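# Notes for the structure review
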Amino acid sequence: MAQRSMQMGMHTEKLSGKTQQRFFSPTEEENFLYPDGYDVDFNKRAEFDAGPLSPQEINLKLRELMGQGNGTIVMHNPGAKHSVAVGLLQRLNLHIKGSLGYFGCGLIDGPNISISGRVGWSCAENMLSGRVVIEKNAGSTFGAAIRGGDLVCKGDVGARVGIDQKGGTILIGGRAGAFCGFMMQRGRMIILGDAGKNLGDSMYDGTIYVGGKIAGLGVDAVEGEMTDLEVQWLERKLKMYGLEAPNGVKNLTKIVAGKQLWNYDNLEPTEKKIVL
Amino acid sequence: MSTKTQDVDKFIKDAAGLDTKREQEIGQHIGYRYDVNLVPDYSRITPFLEQYIEMMGWDDLNWLEDVHMGYEEGRPAIFDRNCNGWVTIPPELKLPEDQQGRDMLARELLIKFQMSKKHPLWDLKRAYKKF
Amino acid sequence: MSQEKVAPQVQPVKKAQRDTSRLGQSRIFTPEVIDDIHIKSELGRYRMRGFSLFKKIPHWDDLTFLPGTLTRFVIEGYREKCLTKTIIGPKAKRPLELDIPVYITGMSFGALSFEAKIALARGATMAGTATCSGEGGMIPDERRYSSKWFYQCIQSRYGFNPHHLQLADACEFFIGQGCKVGLGGHLMGQKVTDQVAEMRSLPAGIDQRSPARHPDWLGPDDLALKIQEIREATDHQIPIQLKLGAARVYDDVRMAIKCGPDSIYIDGMEGSTGAGPHLATEDTGVPGIAAIRQARKALDDLGKSGEISLVYAGGIRNGSDVAKALALGADAIAIGHSALMALNCNKDVPEADYEKEMGVEAGYCYHCHTGRCPVGVATQDPVLRKRLDPDAAAERVYNFLHTLTIEAQMMARACGKTDVHSLEPEDLAALTMEASAMAMVPLAGTQHTVGRPDMTRY
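Residues numbered from 1 in each chain as written. Chains lettered and ligands numbered in written order. Predicted model: local features only at pLDDT ≥ 70, side-chain atom pairs only at ≥ 80, totals over all residues.

Attention now moves to the overall build of chain B. When helices and strands are counted, chain B shows five helices and three strands. Each helix (α) and strand (β) of chain B, taken in turn from the N terminus, gives the series α-α-α-β-β-β-α-α. Counting only C-alpha atoms and orienting by the principal axes, one finds that chain B spans roughly 50 × 40 × 30 Å. For chain B, restricting intrachain contacts to residue pairs at least 6 apart in sequence, the fraction spanning at least 24 positions comes to 61%. (Helix = DSSP H or I, 4+ residues; strand = E, 2+ residues; numbered from the N terminus. Contact = placed C-beta atoms within 7 Å.)

Within chain A, the regular secondary structure consists of three helices and twelve strands. With the C-alpha coordinates of chain A rotated into their principal frame, the extents come out at 55 × 50 × 35 Å. Counting across all 276 residues of chain A, residues that qualify as buried make up 51%. Put simply, of all contacts in chain A between residues at least 6 apart along the chain, 26% involve residues at least 24 apart. (Buried ≥ 20, exposed ≤ 12 C-beta atoms within 10 Å, placed from the backbone.)

Each side of the interface is counted separately: chain A has 51 residues, and chain B has 43 residues. When residues of the side of chain A that touches chain B are traced back to their parent elements, those giving at least two are α1 (2-7), β1 (22-23), β5 (109-115), β6 (129-134), β8 (166-172), β9 (186-191) and α3 (228-240) of chain A. In terms of residues, the side of chain A that touches chain B owes the most to one element, α3(A), which gives five residues. Broken down by class, the residue content of the side of chain A that touches chain B amounts to 17 nonpolar, 17 polar and 17 charged. (Nonpolar A, V, L, I, M, F, W, Y, C, P; charged D, E, K, R; others polar.)

This part covers the domain arrangement of chain A. Here chain A is partitioned into domain 1 (39-115) and domain 2 (137-258). A C-alpha centroid distance of 27 Å is found between domain 1 of chain A and domain 2 of chain A. (Domains from an automatic or database assignment.)

Residues and elements named next belong to chain C. For the pair helix α7 (residues 249-258) and helix α9 (residues 288-301), the least separation of the axes is 8 Å and the interaxial angle reads 40 degrees. Compared by their axis directions, α7 and α9 come out oblique. Considering the relative orientation of α7 and α9, their crossing is right-handed. Each of V249, Y250, V253, R254 and I257 in α7 lies in contact with α9, whose residues at this interface are A291, Q294, A295, K297, A298 and L299. Split into classes, the residues belonging to the contact of α7 with α9 amount to eight nonpolar, one polar and two charged. (Axes fitted to C-alpha atoms, helices over the stretch in contact; angles between N-to-C directions. Parallel < 35°, antiparallel > 145°, perpendicular 65-115°, else oblique. Left-handed = near helix turned anticlockwise from the far one by under 90°.)

A few words now on the interface of chain C and chain A. Between chain C and chain A, the contact holds 49 residues from the first and 51 residues from the second. Those elements that provide at least two residues to the side of chain C that touches chain A are α1 (31-43), α2 (114-126), α3 (140-145), α4 (162-165), α6 (220-233) and α14 (390-414) of chain C. Here the side of chain C that touches chain A takes seven residues from α6(C), the largest share from any one element.

Residues and elements named next belong to chain C. In spatial order, the strands read β5-β15-β14-β12-β11-β8-β7-β6; together these eight strands make up an open sheet with parallel pairing. The outermost strands of the open sheet, each flanked by one partner alone, are β5 (102-104) and β6 (131-132). With five bridges connecting them, strand β12 (residues 263-267) and strand β14 (residues 309-313) associate as parallel partners. Bridge pairing in β14 places I266 opposite Y312. (Pairing = 2+ DSSP bridges.)

A few words on the environment of C:N399. One can find C:N399 in helix α14. Put simply, C:N399 and C:A342 are 57 residues apart on the chain and 8.5 Å apart in space, counted from C-alpha to C-alpha.

Quick look at helix α5 (residues 120-128) of chain B now. For α5(B), the full list of buried residues reads B:P120, B:L121, B:L124, B:A127 and B:Y128. An end-on view of α5(B) places all buried positions within 130 degrees of arc, on one side of the element. (Arc of directions from axis to C-beta.)

Once that is clear, we can look at the sheet that holds strand β12 (residues 253-257) of chain A. All names here are of chain A. Reading across from one edge, β2-β3-β4-β5-β6-β7-β8-β9-β10-β12-β11 is the order of the eleven strands in this open sheet, with mixed pairing throughout. Looking at which strands have only one partner, the edges of the open sheet turn out to be β2 (41-49) and β11 (221-223). The average undirected angle you get between the axes of adjacent strands in this sheet is 15 degrees. Pairing between strand β4 (residues 93-97) and β5: four bridges, direction parallel. Residue I96 lies in a different strand from β5, and its bridge partner there is I115.

Okay, the packing of α2(C) against α14(C) next. All names here are of chain C. The contact between α2 and α14 brings their axes to 7 Å, and the two run at 45 degrees. In terms of orientation, α2 and α14 fall into the oblique class. For the pair α2 and α14, the crossing hand works out as right-handed. Contact with α2, carried on its side by E115, I118, A119, L120, R122, G123, A124 and M126, involves P390, A393, A394, V397, Y398 and L401 of α14 and no other residues of that element. Per-class residue counts for the contact of α2 with α14 are eleven nonpolar, one polar and two charged.

This part takes up unusual backbone geometry. Residue and element names in this part refer to chain A. In this model, N126 sits at a positive phi of 55 degrees, which is unusual for a non-glycine residue. With respect to the element layout, N126 can be found in the loop between β5 and β6. The exposure class of N126 is buried, given the 27 C-beta atoms found within 10 Å.

What follows is about the pairing of strand β3 (residues 70-76) of chain A. Residues and elements named next belong to chain A. Pairing of β2 with β3 involves six bridges; the strand directions are parallel. Bridge pairing links R45 to T72 in β3. Tracing the backbone out of β2, into helix α2 (residues 55-67) and back to the parallel element β3 gives a crossover that is right-handed. Sheet topology places β3 next to β4; five bridges connect them, and they run parallel. When the sheet's bridge partners are listed, V74 is paired in β4 with H95. (Right-handed = clockwise from strand over helix to strand, strands pointing away.)

Here we come to the nonpolar core. Residues and elements named next belong to chain C. The biggest cluster of nonpolar side chains holds 250 residues, and the ones touching the most others in it are I266, I333, L343, V397 and A439. Broken down by element, this core gets its largest block of residues, ten residues, from α14. Beyond its immediate chain neighbours, meaning those up to four positions away, L343 contacts A116, A119, V377, L388, A393, R396 and V397. (Core = buried A, V, L, I, M, F, W, Y, C linked by C-beta atoms within 7 Å.)

The end-to-end C-alpha distance of α6(C), which contains 14 residues, comes to 20 Å, matching closely the 20 Å that a straight helix rising 1.5 Å per residue would cover. Turning to α6(C), its buried residues number three or more, namely C:L223, C:L225, C:K226, C:I227, C:Q228, C:E229, C:I230, C:R231, C:E232 and C:A233. For α6(C), the secondary structure elements touched by its buried residues are α2 of chain A together with β7 (149-153), α4, β8 (170-174) and β11 (240-245) of chain C. Looking one or two residues beyond α6(C), the residue adopting positive phi is C:D235, at roughly 55 degrees. (Expected span 1.5 Å × (residues − 1).)

Residue and element names in this part refer to chain C. Among the secondary structure elements, L388 is positioned in the loop between α13 (382-385) and α14. Note: C-alpha distance between L388 and S113 (275 residues apart in sequence) is 9.3 Å. Not counting residues within four places of it along the chain, the set of residues in contact with L388 comprises S113, E115, A116, A119, L343, N344, V375, G376, V377 and A393.

Across three bridges, the pairing between strand β10 (residues 207-210) of chain A and β12(A) is antiparallel. Residue pairing in the sheet places A:V210 in a bridge with A:T253 of β12(A).

If you want it as structure tokens, here you go:
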């Protein structure tokens, strides 16, 4: 591997004067495909039985089918195995008929995934983009550290949903456990049912909308005011996934960061900038 | 912090953005230079973005809902998480008058850049990707 | 007008008046302790700083080599081969092969400048060894210039990107660090620029305290599954390393082994940080000489030596420290702070005015957390960053890595080894009772290993 980078001259370029500044080129091509992604066709469909396969074999099978140009894949009998459908970094329609174990659909960027059953802990963790829709319930740390995309659970979820959330939308049709949105940084979380205690604890930013009762807010989580634009956006988002707010979108409780924890250190004299 | 984002050109006119005493003491603007919680106004969506959404098989902007136009050292720029840097908008490009319009432009430019072979990730994947 | 040259007057040294009525001074409430209490009484918070611990602990200087004389055959110091090739994760599909037993540990872009990161990358590449992304994500140029590169999966997951994970030659799970075991990372607002902030999906200028726990797993059972997930995302190709701060090392390493990694990295309490509470750096963790022995024992007891690599970092200053750590049981060594010193940390370069800009003399600076690094290493300030020429700095990093290697080879050859990895505890003796007890090697000149009657020969 080092050989290839060496041939590409990466280890002999002059470093001085290098900058990180980059410019958009107005003549940039329209490609709609990550340069190393498989070129798949949504109308080309494949099905396979994951029952006898190990998680590694399932993930290899998915890559093999995408390599053949299949843009729609149906997986049967995933058997609640862990780390299934992990690391999918491109457009794909994946229908999973059954339930997943821990870390299902983790580290993905782009695919549309529907899961007819349940999911274990840390589903879709660190997702960058795409959609994951779960018809039944989900375990704890659902959508941990996600950075983008829509993650939807139509049933109830465990604790610590959207912990360290960095973007995207997490949508819960039912109830959620304690510490949801812990250290949330950005993005939106919608809990249509009740939310457990310490909601939004130590959140830096982002927004949480709750339809049911809130057992308690965490440190530095405060109520915010809903805007008309948010109402429109929420109505559109819920409609997309066939969900409804129990008392209407306008009556969702909005939780935001109080931002009191952003800078709670007073400065020592040596920590102040001296103008150079 | 929200008052800072009201003037859409604030950080073009004032690159440093050091208003508060603490900002001056640490020599660093505190907070975002755009409204990070602003949800997109779908009435402003562009044909290019509609084409992208259709291609991906989504019904809305998905991850692009979190993409906004920001400002680096007084220049309008967009942050690309795949190269972990602000990508500067060419000065000849006319900016829309409001943040919603600018955000839509940012989304278009970012998609084109990320999908391009000029993106830094392209060379890196050729050099270092193993499978 | 010629001016007569006059020799400068020698200033007579004033003899200090000794206060003969004074009883003495406290070794517990020293002037520094008293000043610290005064400052904290004003601040109302713990004090942050960079660097490593200040207090004296048993460490590498308390061990000495027992080279060959008549009882052992020595290797010709400057001519005969002494191998240095180092493998991390021998059981992985693509083990990480280093030309030397030392690599550059993870230090974030944010804590360090862009120039420092690319200089470390190039310097390590020149020496045939690896670097690591550290917290906060990959900067493309660091990956570009590093021929061998670890991608860190850290608690905060700042900037974690599966596209970048696919580029890695190894993935390191950061679970703790020796300097502040049990705490997450720190980056003060002064260094959280717009770029650093966006990489981490945070607002600029805030005091950033990273989580201490991973978001998606809580204990070793979950971690085993998390490792499996990363293996799936990387096609089971690259080694997975777990980085632990040294605390209950024997038990921690046994639990880490159970999780199925390819490598375990132990960070001794001598390790440094770019920012952390002063008290955490002083009062958490255990020294490297104890940690390595405990870790190796855990690997031996579970029959995993030779399958799972053991990496050590913390307080490594020279090739002798490298050789001692290898002798105690490490397979590879990672360095952080000493590599920054190779970049220029605490050097009185002409462009810098330490006393004016930092309020301390060069050699005494521990103010990495302020972002005002006078030599452009631990800063994001564009004016200060210009003081670091990355090409020259890369050469220095290479020279230092090379020196560490040849110094370690020198010690290995003197002890009769043709491979630095053949060094063993038997090659060492302790200079203090504490070091003997911790490193489990005999006190110099005796056959007595403190606390280990089973290892003592009379």
